[in-house]
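So you can see what is in the structure, the chains are spelled out below.
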Amino acid sequence: MSVVASGDRILLKHGSGGRAMRRLIEESFLRAFATEPEIPAGVIGVAAMDDGGAVHIGDRWLVMTTDSHVVQPLFFPGGDIGRLAVSGTVNDLAMMGATDVLGLTCSVIIEDGFPRADLERVLESMRRTCLETSAIVLTGDTKVMGKGDIDGLVINTTGVALTSHVVRDRGLRPGDRIIVTGTIGDHGMAVMAMRHGLDLDADLRSDVAPINALIRLALNAADGGITAMKDPTRGGVATALHEMAAKSGVGILVDEASLPVRDAVRGVSELVGIDPLLVANEGKALIGVRAEAAPRVLAALRSHPLGADAAVIGVCTDDRIGMLILDTGFGCRLVAEPEGDLLPRIC
Amino acid sequence: MCLGVPGLVIDADELTALVDFWGVRRRVRLDLVDEPVAVGDYVLNHVGFAIRRIPPEDVHTTLDMYEQLLKDANRDDLMTADVRSEIEAGSADARLKDTPPRTVRAVEAPSPRAPADTVENGGARGFSRAAGADD
Amino acid sequence: MTNALEFRDPHRAADLNAALARATAQVGHAPVSLMHVCGSHEQAIAKFGLRATFPRDLNVIMGPGCPVCITDQPEIDEAVALALKGVRVATYGDMVRVPGTAGSLADAQARGAHVDTVYSVAQAIDLARRTAEEVVFFATGFETTAVATAAVILAGLPGNLSILSAHKYIPPVMEIVAEMPDTRVEGFLAAGHAATITGWGIFEPFVRRYGLPVVVAGFEPLDILAALVRLVELVRGRERAVVNMFPRCVTRDGNLNAQRQLWRVFRPIGGRWRGIAHVPNGNLRLRDEWAEVDARRRFTIDVASLWTQAPSTLVRQCICGNIMAGIASPGDCPLFATECVPDAPVGACMVSSEGTCRIWHQYGGVPNLRGAACPL
């Protein structure tokens, strides 16, 4: 039964990155934008539902991606909506294998009455993040809506880059290793704690950061051994691995003890019963590698400050296709895709 | 909701305690505990209230109990009454030996199981079958 | 916390698993059916993947231990009616999506009602202090949670806060299960946190009357495994006994301070548990002396206006009641994972994070995970 087709309203859960959102895209957006009987050769379009789209030009691919950012609160420990906007777009390009950003756009919709100082703060943060990653904002758009007609500030960023080799999220094969580039759950837990006013004294902060330079190191070290990449944003590692497994036609078995999790994140997750696997990350990537390439990719990641906690966390299997299984050390359990509104909207 | 979580008290006054849970600190209310709580104690916390002070020595008692359980389970013969009472130091008195045991229906041994499938449609194989389901 | 981690030692767990397998084989019949009555036990079993390691001939059934799932539709309707009337309703996260007769609090929220999710009743108090509006705390949960509600009522609530109590009391439902004609339950695992409050002594009359052993269990993997070993041994020896396997938190008499507060504020009344018909003394309501903070008396709650549509046919196929009583499993339900999924739940078992169906759906009560192990 299709939830969305029978429902008459779009609900909050449809934006949360989980199953409900995926189904909305499949049922409504793909129907609108992917109706060509054949995708022209040399085009990766919406039907692929990858981190970006791409067009083959000459001997390279032009990769593009777009994101709208509606995070609340706008400013959170470790970052803000501006840094999130730039990092998110740069990272999506990197996940497609395009680590040299050609340019970004920046469109904003601002609520009437929004403090000018906050806008300046956000723009300054975007400027600094662009410098960090050698990306340039080339063009943009500015709109203001009435008070109450929009929630503070919405930023949309689009990015374009060129690459000679596109990395998809569907190339995993049995035996491939899954590497995560660092600790999981940091962003989602920090923002959730702040949103819900959880009265906790814990060192939670977002991991928001552009990781294209880190990914470049990994791609170079892998020398073709990277078979899939995806960044675990909304919906967390669980959602991303689910997609990779389903699209690749493999099962994924994760070793819980190998998952890098900061103590503060683990503590909060025990306290409020939310699994770090289901929570957003904004400065991390999941990389599928051929087993023989894993050691050198791991070494390359760990040589970079943003990859210091990189770890091999799992392996791809030829059974239980499309499933994500977690070995807890006591037994195994299936990690299901988080449903839409399990977690607050955080980016 | 049933989130009873143990934590270490790092500060306490009459009404509340600051408790450390895996590095996360949270202030909990002490309205419900039945004995005074001091720095260094462990407490069981549930929905923002400490519901029990956990004496540190009791933690080891529990682990010892599990060791004993394993030792006894490894014996071929059933446990002697002595050993039983040692383990049940926390409960003891509730056993009643004078009433006849409840009749337990014998259930025929299950037929050999089908090879384990990896996926069934909402099936219960591989997980406990509920009472009432036949073999 | 090193102490907690000792209760998660995989090596000890392997030993306990082996002991459990041997004890189960020695019982003399199969399957051996045990029931636990706590959503947190089911969460722990699912989270650590313990069912993949239990002996095949051991059934560990989840009984009616999910406090959200057994909150009856009319009780949800009361909260929804208040919310639609413009009263601000604060409640634990799980309750927001439980379907009543005509929608959940989340549905009311989508229609403009003000519903707040809180992690503790104290948070509801903070909320009430920050606003001039009337706030109602929709209080759900078993005795472990009810004591917190009692404590704040005794400490004094802000004038604009009242309590809609849908709290439940677990011990009576064990009797209901024991008396069910279809039941094959041979022993009970009792919830360690509830027993921290009530003590283990309250199970003695039950054990005497029904001859079913009870073991009080904690929530770490070792606690659960050790308690199951002990319970299977009691079944094997046909012993009527209450055994406390959670002595670091549970005593015979329990937490008298908490009990005093609980019974000063609440009185037990009989009531319907969702899908389980009448449970004598299973519901907790505010005593008359607390009428002033009782939302049922502060407001006129009109639920009839919600019942303008007949319940959908899907609801009639829902077997949550049987699942909660342990006589069916989610796989037996025609709606499970098809029409009834977490983002479109039909029954409460699919909504609550402690609900059997939700846990099976979330953690996968589908594949056979025996023998799966990560080679890393």
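Model, not experiment: these values are computed from the prediction.

Undergrad: I tried to follow the overall build of chain A on my own but got confused; where do I start?
TA: For chain A, the helix and strand inventory stands at 9 helices and 16 strands. Radius of gyration (C-alpha) of chain A: 19 Å, near the 20 Å computed for a compact globule of 347 residues. Each of the three principal axes of chain A carries a C-alpha extent, and together these read 55 × 55 × 50 Å. Per-residue burial over chain A gives 53% buried out of 347 residues. Across chain A, the fraction of contacts at a sequence separation of at least 24, relative to all contacts at a separation of at least 6, is 83%.

Undergrad: How should I be thinking about the overall build of chain C in this particular structure?
TA: For chain C, the helix and strand inventory stands at 16 helices and 11 strands. The C-alpha atoms of chain C give 21 Å as radius of gyration, which agrees with the globular expectation for 376 residues (21 Å, within 12%). Overall, the C-alpha framework of chain C stretches about 60 × 45 × 45 Å when taken along its three principal axes. For chain C, the proportion of its 376 residues judged to be buried stands at 65%. A sequence separation of at least 24 residues applies to 77% of the contacts in chain C between residues at least 6 apart.

Undergrad: Sorry if this is basic, but what is going on with the domain arrangement of chain C here?
TA: Interfaces are often described in size by the accessible area the parts lose on coming together. Residues and elements named next belong to chain C. You can read the domains of chain C as domain 1 (2–66 + 178–244), domain 2 (73–169 + 255–306) and domain 3 (313–363). Relative to domain 3, the C-alpha centre of domain 1 lies at a distance of 23 Å. Contacts between domain 1 and domain 3 engage 15 residues on the former and 10 residues on the latter. In terms of residues, the side of domain 1 that touches domain 3 owes the most to one element, helix 3 (residues 39–47), which gives 5 residues.

Undergrad: What's the story with the interface of chain C and chain A in this structure? I'm lost.
TA: Listed by partner, the interface residues are 30 residues for chain C and 31 residues for chain A. Counting residues per element, the ones that place at least two in the side of chain C that touches chain A are helix 2 (10–26), helix 3 and helix 16 (356–363) of chain C. Per-element accounting of the side of chain C that touches chain A gives the leading share, 3 residues, to helix 16 of chain C. The class makeup of the residues in the side of chain C that touches chain A is 19 nonpolar, 7 polar and 4 charged.

Undergrad: Can you help me understand helix 4 (residues 116–133) of chain A in this one?
TA: Every α-helix carries 3.6 residues per turn, so stepping three or four residues along brings you back to the same face. Residues and elements named next belong to chain A. If you check helix 4, its first and last C-alpha atoms are 26 Å apart, about what 18 residues at 1.5 Å a residue would give, namely 26 Å. Buried residues belonging to helix 4 abut strand 5 (79–80), helix 3 (81–95), strand 6 (101–111), strand 7 (137–145), strand 8 (153–163) and helix 6 (212–222). The positive-phi residue at the C-terminal boundary of helix 4 is S134, with phi of around 55°.

Undergrad: Just checking my understanding: could you explain helix 11 (residues 221–236) of chain C for this structure?
TA: For helix 11 of chain C, built from 16 residues, the straight-helix expectation of 22 Å at 1.5 Å per residue is met to within 8% by its first-to-last C-alpha distance of 22 Å. C:R238 occupies a position one or two residues after helix 11 of chain C and carries a positive phi of about 50°.

Undergrad: Please explain the environment of C:V351 as it appears in this structure.
TA: Residue and element names in this part refer to chain C. Structurally, V351 can be placed in the loop between helix 15 (320–324) and helix 16. A count of 26 C-beta atoms within 10 Å places V351 in the buried class. Separated by 253 residues in the primary sequence, V351 and V98 place their C-alpha atoms 5.8 Å from one another. Sequence-distant contacts of V351, defined by excluding residues within four places in its chain, comprise V68, D94, R97, V98, P345 and R358.

Undergrad: When you look at the nonpolar core in this model, what are you seeing that I'm missing?
TA: Soluble globular proteins: nonpolar side chains tend toward being buried together. If you look at the biggest cluster of nonpolar residues, it comprises 269 residues, and the most contacted ones within it are A:V297, C:F137 and C:V229. Other than its neighbours up to four places away in sequence, C:F137 contacts C:A90, C:T91, C:V121, C:A124, C:L161, C:I163 and C:L164.

Undergrad: Could you clarify how one ought to interpret the sheet that holds strand 5 (residues 135–139) of chain C in this entry?
TA: Two strands in a sheet stick together by hydrogen bonds in their backbones, pointing the same way (parallel) or opposite ways (antiparallel). Residues and elements named next belong to chain C. If you trace the 4 strands from one edge of the open sheet to the other, you get 4-3-5-6, paired in parallel fashion. In the strand order of this sheet, the two ends are held by strand 4 (115–118) and strand 6 (161–165), each with one partner. If you compare each strand with its neighbour and ignore which way they point, the axes differ by 25° on average. Bridge analysis of strand 3 (residues 88–92) against strand 5 gives 4 bridges, and the strand direction is parallel. The partner of A90 across the bridge, within strand 5, is F137. Here helix 4 (residues 73–84) sits on the sheet and contacts strand 3, strand 4, strand 5 and strand 6; the angle it forms with strand 3, its principal contact strand, is near 145°. Taken strand by strand, helix 6 (residues 121–129) contacts strand 3, strand 4, strand 5 and strand 6, and its axis lies near 170° from that of strand 5.

Undergrad: Is there a simple way to explain unusual backbone geometry in this structure?
TA: Comment: phi is negative for the bulk of residues other than glycine, and the bulk of peptide bonds are trans. Cis geometry is adopted by the peptide bond preceding C:P31, which originates at C:A30 and carries an omega value of 0°. Tracing the chain through its elements places C:P31 in the loop between helix 2 and strand 1 (32–36). Phi is positive for A:S134, close to 55°, though the residue is something other than glycine. Secondary-structure assignment places A:S134 in the loop between helix 4 and strand 7. Phi at B:V47 takes a positive value of approximately 40°, unusual for a residue other than glycine. Relative to the elements of secondary structure, B:V47 occurs in the loop between strand 4 (42–46) and strand 5 (49–54). We classify B:V47 as buried; it has 24 C-beta atoms within 10 Å.

Undergrad: Even after reading the chapter, I still don't get the packing of helix 6 of chain C against helix 7 (residues 143–155) of chain C, so can you show me in this structure?
TA: How two helices pack is summed up by the angle between their axes together with the distance between the axes. Residue and element names in this part refer to chain C. In the contact formed by helix 6 and helix 7, the axes pass within 9 Å of each other and the chain directions differ by 40°. The segment helix 6 lies against helix 7, with V121, A122 and I125 engaging A148, T149 and V152. Within the contact of helix 6 with helix 7, the residues separate by chemical class into 5 nonpolar, 1 polar and no charged.

Undergrad: What exactly am I supposed to notice about the environment of A:H187 here?
TA: All names here are of chain A. If you trace the backbone, H187 turns up in helix 5 (residues 186–195). C-alpha separation for the pair H187 and G251, spaced 64 residues apart in sequence, amounts to 27 Å. Setting aside residues up to four positions removed in sequence, H187 forms contacts with S206, D207, V208, A280, N281 and E282.

Undergrad: Can you walk me through the sheet that holds strand 1 of chain C in this structure?
TA: All names here are of chain C. Taken together, the 5 strands give an open sheet; going across it, the order is 2-1-7-8-9, and neighbouring strands pair in parallel fashion. Looking at which strands have only one partner, the edges of the open sheet turn out to be strand 2 (58–62) and strand 9 (242–244). Averaged over all pairs of adjacent strands, the angle between strand axes in this sheet comes to 25°, irrespective of strand direction. In the sheet, strand 1 pairs with strand 2 via 5 bridges, with the strands oriented parallel. Paired with H36 across the two strands is M62, which belongs to strand 2.

Undergrad: Can you help me understand the confidence of the model for chain A in this one?
TA: A low pLDDT means the predicted coordinates there should not be read in detail. Residues and elements named next belong to chain A. When the pLDDT values of chain A are averaged, the result is 88; 91% of them are 70 or greater. Predicted confidence for residues 1–6 stays below pLDDT 50, and this span has 13 contacts to residues more than four positions away or in other chains. Scored below 50 in pLDDT, residues 341–347 shows 28 contacts in the model against residues more than four places distant or in partner chains.

Undergrad: Where do I start with the environment of C:Q259 in this structure?
TA: Residues and elements named next belong to chain C. Tracing the backbone shows Q259 in helix 12 (residues 256–265). Between the alpha carbons of Q259 and C249 there is a distance of 15 Å; along the sequence they are 10 residues apart. Discounting chain neighbours no more than four positions away, the residues touching Q259 are I197, T198 and G254.

Reading guide: rules and limits
Once a new chain begins, its residue numbering starts again from 1 and follows that chain's sequence as written. The naming scheme follows written order: chains are lettered A onward, ligands numbered 1 onward. Residue-level local features of this predicted model are given only where pLDDT is at least 70; pairs of side-chain atoms are given and counted only at 80 or more, and the full residue set underlies all totals for whole chains, interfaces and linings. Think of it this way: any DSSP run of H or I at least four residues long counts as a helix, any run of E at least two long counts as a strand, and we number them from the N terminus. Just to be clear, the radius of gyration here is over C-alpha atoms, and the globule rule we use is 2.2 Å times residues to the power 0.38. Residues are called buried when their C-beta atom has 20 or more other C-beta atoms within 10 Å, exposed when it has 12 or fewer, and partly exposed otherwise; all C-beta atoms are positioned from the backbone. Note that contacts rest on C-beta atoms placed from the backbone: two residues are in contact if these are within 7 Å. Domain segmentation is taken from an automatic or database assignment of domains. In this classification, the charged set is Asp, Glu, Lys and Arg, the nonpolar set is Ala, Val, Leu, Ile, Met, Phe, Trp, Tyr, Cys and Pro, and all remaining amino acids, among them Gly, are polar. Helix span is expected to be 1.5 Å times the residue number reduced by one. Here a nonpolar core is just a set of buried residues of the types Ala, Val, Leu, Ile, Met, Phe, Trp, Tyr and Cys, joined wherever their C-beta atoms sit within 7 Å. Strands are treated as partners if at least two bridges between them are detected by DSSP. Axis definition: a line fit to C-alpha positions, over the contact stretch in the case of helices; interaxial angles, taken between N-to-C directions, run 0 to 180 degrees. In predicted models, pLDDT denotes the confidence assigned by the predictor to each residue on a 0 to 100 scale.

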